[in-house]
Amino acid sequence: MLRKCSLPRNRFWRISPSRSFATHAEPLQEKDCRSITPPYDNLVDNLARVRKILNRPLTLAEKILYSHLCDPEQSLSGGGKIRGERYLQLRPERVAMQDASAQMALLQFMTCGLPTSAVPASIHCDHLIQALDGAEVDLKRSIASNKEVFDFLESAAKKYGIEFWKPGSGIIHQIVLENYAAPGMLMLGTDSHTPNAGGLGMLAIGVGGADAVDAMTGTPWELKAPRVIGIHLKGQLSGWATPKDLILHIAGKLTVRGGTGAILEYHGPGVHSQSCTGLATIANMGAELGATTSTFPYTEAMRNYLIATGRAPVARAADEAQKKGFLERDEGAEWDDLVEIDLSTLEPTINGPFTPDLATPLSKFGSFIKEQGWKDELTAGLIGSCTNSSYEDMSRVTSLAKQAKAAGLKAKVPFLCTPGSEQIRATIERDGFTEVLQDVGAVVLANACGPCIGQWKREEYKGEENAILTSFNRNFKARNDANSKTMNFLSSPEIVTAMAFAGRLSFNPMTDSLTDGNGKPFKFEPPTGIQLPQNGFTSGDLSYAPSPLPPPQPETKVQISPESTRLEVLEAFPREFPNSRGMELPPLTTLMRVRGKCTTDHISAAGPWLKFKGHLSNISENTLITAVNDEGGEVNIAFDHNHASSEPSKDTIPAVGKRFKARGQPWALVVDDNYGEGSAREHAAMQPRFLGCLLIVARSFARIHETNLKKQGIVPLWLADKSDYGRIDAGDVIETEGLADVLAGNTDAQITLKVTKKDGSKVEIPTRHTMSADQTKWVKAGSALNYIKEQKAAAAS
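About the criteria used
- Residues numbered from 1 in each chain as written.
- Predicted model: local features only at pLDDT ≥ 70, side-chain atom pairs only at ≥ 80, totals over all residues.
- Heavy atoms only, no water.
- Helix = DSSP H or I, 4+ residues; strand = E, 2+ residues; numbered from the N terminus.
- Rg over C-alpha atoms; globule rule 2.2 N^0.38 Å.
- Buried < 20%, exposed > 50% of the residue type's maximum accessible area, 1.4 Å probe, protein only.
- Core = buried A, V, L, I, M, F, W, Y, C linked by side-chain atoms within 4.5 Å.
- Contact = heavy atoms within 4.5 Å.
- Axes fitted to C-alpha atoms, helices over the stretch in contact; angles between N-to-C directions.
- Parallel < 35°, antiparallel > 145°, perpendicular 65-115°, else oblique.
- Pairing = 2+ DSSP bridges.
- Phe/Tyr/Trp six-rings, centres within 6.5 Å; stacked < 30°, edge-to-face > 60°.
- Lys NZ or Arg CZ within 6 Å of the ring centre and 35° of its normal.
- pLDDT = per-residue confidence, 0-100.
- Expected span 1.5 Å × (residues − 1).
- Salt bridge = Lys/Arg side-chain N within 4 Å of Asp/Glu carboxyl O.
- Disulfide = S-S within 2.5 Å.

(A) Layout of the overall build of the chain. When its secondary structure is counted, the chain shows 25 helices and 30 strands. On C-alpha atoms alone, the chain measures out to a radius of gyration of 26 Å, which is about the 28 Å that the 2.2 N^0.38 rule sets for 797 residues. In terms of its C-alpha atoms, the chain occupies a principal-axis envelope of roughly 80 × 60 × 55 Å. Every one of the 797 residues in the chain was classed for burial, and the buried ones make up 64%.

(B) Geometry of the nonpolar core. Counting 187 residues, the largest nonpolar core has Tyr 66, Met 97, Leu 153, Tyr 266, Phe 489 and Phe 524 as its most contacted members. When residues no more than four places from it in sequence are discounted, the contact partners of Met 97 are Ala 102, Ala 105, Leu 106, Ala 121, Ser 122, Ile 123, His 124, Ile 162, Ile 172, Thr 190 and Met 216.

(C) Here's a closer look at the environment of Ala 197. Relative to the assigned elements, Ala 197 resides in the loop between strand 5 (186-189) and strand 6 (203-206). C-alpha separation for the pair Ala 197 and Ala 644, spaced 447 residues apart in sequence, amounts to 53 Å. Non-local contacts of Ala 197, meaning those with residues more than four positions away in its chain, are made with Val 176, Leu 177, Ala 181, Met 202 and Ala 204.

(D) Representation of the packing of helix 24 (residues 773-781) against helix 25 (residues 784-796). In contact at an axis separation of 7 Å, helix 24 and helix 25 are set at 95° when each is read in the N-to-C sense. The orientation of helix 24 with respect to helix 25, classified from their angle, is roughly perpendicular. Of the residues in helix 25, those touching helix 24 at Lys 777, Trp 778 and Ala 781 are Ala 784, Asn 786, Tyr 787 and Glu 790.

(E) Local environment of the sheet that holds strand 6. The strand order 4-3-2-5-6 describes an open sheet built from five strands, whose pairing is parallel. The sheet is open, and its two edges are formed by strand 4 (163-165) and strand 6, each paired on a single side. Put simply, the sheet's adjacent strands are angled 20° from each other on average, direction ignored. The strands touched by helix 4 (residues 99-110) are strand 2 (94-98) and strand 3 (121-124); relative to strand 2, the strand with the most contacts, the crossing angle is about 115°.

(F) Focus on the sheet that holds strand 9 (residues 262-267). The sheet built from four strands is open, its strands ordered 10-9-8-11 with parallel pairing. Looking along the sheet, the strands with just one partner apiece sit at the ends: strand 10 (293-295) and strand 11 (337-342). Averaged over neighbouring strand pairs, the angle between their axes works out to 20° when direction is ignored. Two strands pair when backbone bridges link them, and strand 9 and strand 10 are joined in this way by three bridges, in the parallel orientation. Across the sheet, Glu 265 pairs through a bridge with Thr 295, a residue of strand 10. Helix 9 (residues 243-254) rests against strand 8 (227-234), strand 9 and strand 11 of the sheet, and its axis sits at about 135° to strand 11.

(G) Layout of the side chain of Ser 564. Residue placement: Ser 564 occurs in the loop between strand 20 (521-522) and strand 21 (588-595). Classification of Ser 564 as buried rests on a relative accessible area of 9%. Ser 564 has contacts with Glu 148 and His 615, leaving out every residue within four places of it along the chain.

(H) Quick look at the pairing of strand 6. Along strand 6, one buried face is formed by Leu 203 and Ile 205 and the opposite face, lined by Ala 204 and Gly 206, is buried too. The pairing of strand 5 with strand 6 spans four bridges and is classified as parallel. Counted as the bridge partner of Gly 189 is Gly 206 from strand 6.

(I) Main features of the packing of aromatic side chains. Scanning the entire structure with this criterion turns up 16 aromatic pairs. For the pair Phe 365 and Phe 368, a centre-to-centre distance of 6.1 Å together with 40° between the ring planes defines the contact as tilted. Placement of the pair is Phe 365 and Phe 368 together in helix 13 (residues 362-372), with a separation of three residues, close to one helical turn. Taken together, the ring pairs connect Trp 240, Phe 501, Phe 522 and Phe 524 into an aromatic cluster. Above the face of the Tyr 180 ring, Arg 94 is positioned so that its terminal group lies 4.2 Å from the ring centre. The ring of Tyr 725 has Arg 593 sitting right over it, with the charged end atom 5.6 Å from the ring centre.

(J) Quick peek at the confidence of the model for the chain. With 97% of its residues at a pLDDT of 70 or more, the chain shows a mean pLDDT of 93. This model gives residues 6-26 a pLDDT under 50, and the stretch forms 75 contacts once residues within four places in sequence are excluded.

(K) Inspection of unusual backbone geometry at higher detail. For the bond running from Gly 352 to Pro 353, omega is 5°, close enough to zero to count as cis. For Pro 353, the position within the fold is in the loop between strand 12 (349-351) and strand 13 (359-361). Cis geometry is found at the peptide bond from Phe 577 to Pro 578, where omega equals -10°. With respect to the secondary-structure elements, Pro 578 resides in the loop between strand 20 and strand 21.

(L) Broad picture of helix 14 (residues 391-406). Between its first and last C-alpha, helix 14 extends 22 Å over 16 residues, near the 22 Å set by a 1.5 Å rise per residue. With 13 of 16 residues buried, helix 14 lies mostly within the body of the structure. One or two positions beyond helix 14, positive phi appears at Gly 408, with a value near 80°.

(M) Quick peek at the pattern of salt bridges. Taken as a whole and assessed by the stated rule, the structure comprises 55 salt bridges. Where Arg 474 meets Glu 288, a salt bridge forms, and the shortest distance between an N and an O atom there is 2.7 Å. Placement of Arg 474 in the loop between strand 17 (466-470) and strand 18 (486-490) and of Glu 288 in the loop between helix 10 (276-284) and strand 10 is noted, with a sequence separation of 186 residues between them. Here Arg 474 falls in the buried class, since its relative accessible area comes to 0%. Linking Arg 425 and Glu 422 is a salt bridge whose minimum nitrogen-to-oxygen distance equals 2.8 Å.

(N) Region of the structure containing the environment of Leu 306. Within the secondary structure, Leu 306 sits in helix 11 (residues 300-308). Classification of Leu 306 as buried rests on a relative accessible area of 0%. As for Leu 306 and Pro 183, which are separated by 123 residues in sequence, their C-alpha atoms are 9.8 Å apart. Apart from the residues within four sequence positions on either side, Leu 306 is in contact with Ala 181, Pro 183, Leu 200, Arg 311, Ala 312, Val 314 and Ala 315.

(O) Expanded view of helix 22 (residues 703-711). The element helix 22 is largely enclosed, with a buried count of nine among its nine residues. For helix 22, the complete set of buried residues consists of Arg 703, Ile 704, His 705, Glu 706, Thr 707, Asn 708, Leu 709, Lys 710 and Lys 711. Within two residues after helix 22, Gly 713 carries a phi angle of roughly 90°, on the positive side.

(P) Structural context of the state of the cysteines. Following the criterion strictly, the structure yields zero disulfides and no others. Of all cysteine sulfurs in the structure, the one in Cys 386 sits closest to Cys 452, which takes part in no disulfide; the separation is 5.6 Å.

Here it is, written out as structure tokens:
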């Protein structure tokens, strides 16, 4: 039977004087915090049960995670290792969805027949707003061009009692930090940068829409207990060094795979010298390391941020929970790994291009550019996005812009600024930051994701190699402007701003000078800033924001036109078991072997394809279109070894996938390391499934994507020996042996692939899997959604 998880709904800070200065902040009007205050008493009681079972000191990550267990005894009893081994049944307190991923999440939720979400949920319209001319014009144009999608989301929100943040309200992660995040909370978000909310000392985890549906239907949410990597911070940042530089440095040390299956738990005196929004920046980019999420002990800066954003009741409740030891690790708690960092030794860092873990200290970046033979030219500087758009960030870049303005300088390249929310936009405008930035040439974009996620209608440098510098979090090929030759280097907003006045990649504002308006040398002083606004935050246009906890309106009709090319009622994926081979997969033809890095951007591109997020048939036309075929090295090419005489032997990857589907021929993929890294987009799992994929064999998987595959009924298998990757070719037929035992409940059973080569020879390849007993039920049912519906129907009968 399907188990239900229920959870009740219910002026001083530390700053390094050399970096910024403190001010008193008047808070916004105090909000109704009943639905956003974690049920601390219940969580502390649950944690007491956990302590009796484990009888050892706990990390903060364990405290928060295990206190949200549906049944601690069932999940933790029996001895043995927990972290990295056990699957946990959890009860998240909240769900947040951005407009692109919310479409598919809601289409799935609608099939469950429930009148409302079991937990508070919110929708944020931020991904579908394209940057081109500036905030006002871009917002009006995007609202008009996406009207049917926004109408669908708003009508679904009304029907099911979900808070709906309108276009222009801001980026999901900034709004969550300003309004919903709370120390000790566990929340899910349908975006890979959901961990941003960890800046408030909570566990915020990025998931696919099917996982969000678990929480929204009251179904236990399953997660393999993460390992915990401790990151000890000592010293203080100074001068040009920022929290962004810290996480860029860590990305260089741990790489894009270093955090996979782990929570990054920061501790030590260096944590307490950071602002709350600085901690959010660090947590945001933990996603680039593959981490499940990141968190920090409760600090005075968090408390001040809660008060300044109108959530004093949450701060008071967190203070009491802190007194009980809930919001910090136990003395003696052990890490799976430990990283030591002295903040006083850090310098600005620039990462890229094309991967967020290629880290170069600023002092060596000019030499790096020269060694690579790249042109020493910057073509655009972009600041803001969910990673760096806080008031503190904007105050520090404004301090640099004021210096440049006084020296008679203007930006030499397009300089684009994206406020994170309407609250930030209105506050920096009131405090004069916007005027200063515009005076030196900045264009202020809409409160939305914009260029960070590919919503940038850039007309320059199409097909040309060029370099941009951004304060974003991700820099895969073609991500920002659809040009695979654009090199995106990631850095702090301060370094982006300074370099925008130089127009050169080799410029180091710490040591180099520019020529001012009078022909004299000019050198920037280190930036300074303010954590919280002296006169408090101003809300700006309140019409963007929803009423808290709106009641469901069941009479509301969810708006989906039958003629729509952007929205499509979701049809259930077919159950694949039993078949001609019983409970093994049917014979599968290998579609292709994917070479090298294959992110969710490669599997399901964003940019212009975002408009089809609610239409599975149409968006499947972009499946793997930027993936490299290992047999020949071509992009978006697959071979059809059983093609009809009227068909070519090779075609685009989605075209060959559609051929296989039309023939009723299920297929498999063979892929490389860390397959599916990047965003949480579940379309990267749904599209291959829609086209007939039932098996993906990988050297290794990224966490979120592997779970998304299981949710959609695709079996993900890991090669026991990574060198076997090259032993399966396009056109080979794969049969599983041992999967039936796993689906029967023996999750320790070995699954072997029996591969029939095109010449008739046979090879056997051992694999391993990570499916839990509950996850095998998703595979047997054809998808997790099918399983939920079956259990709901059984419970009602």
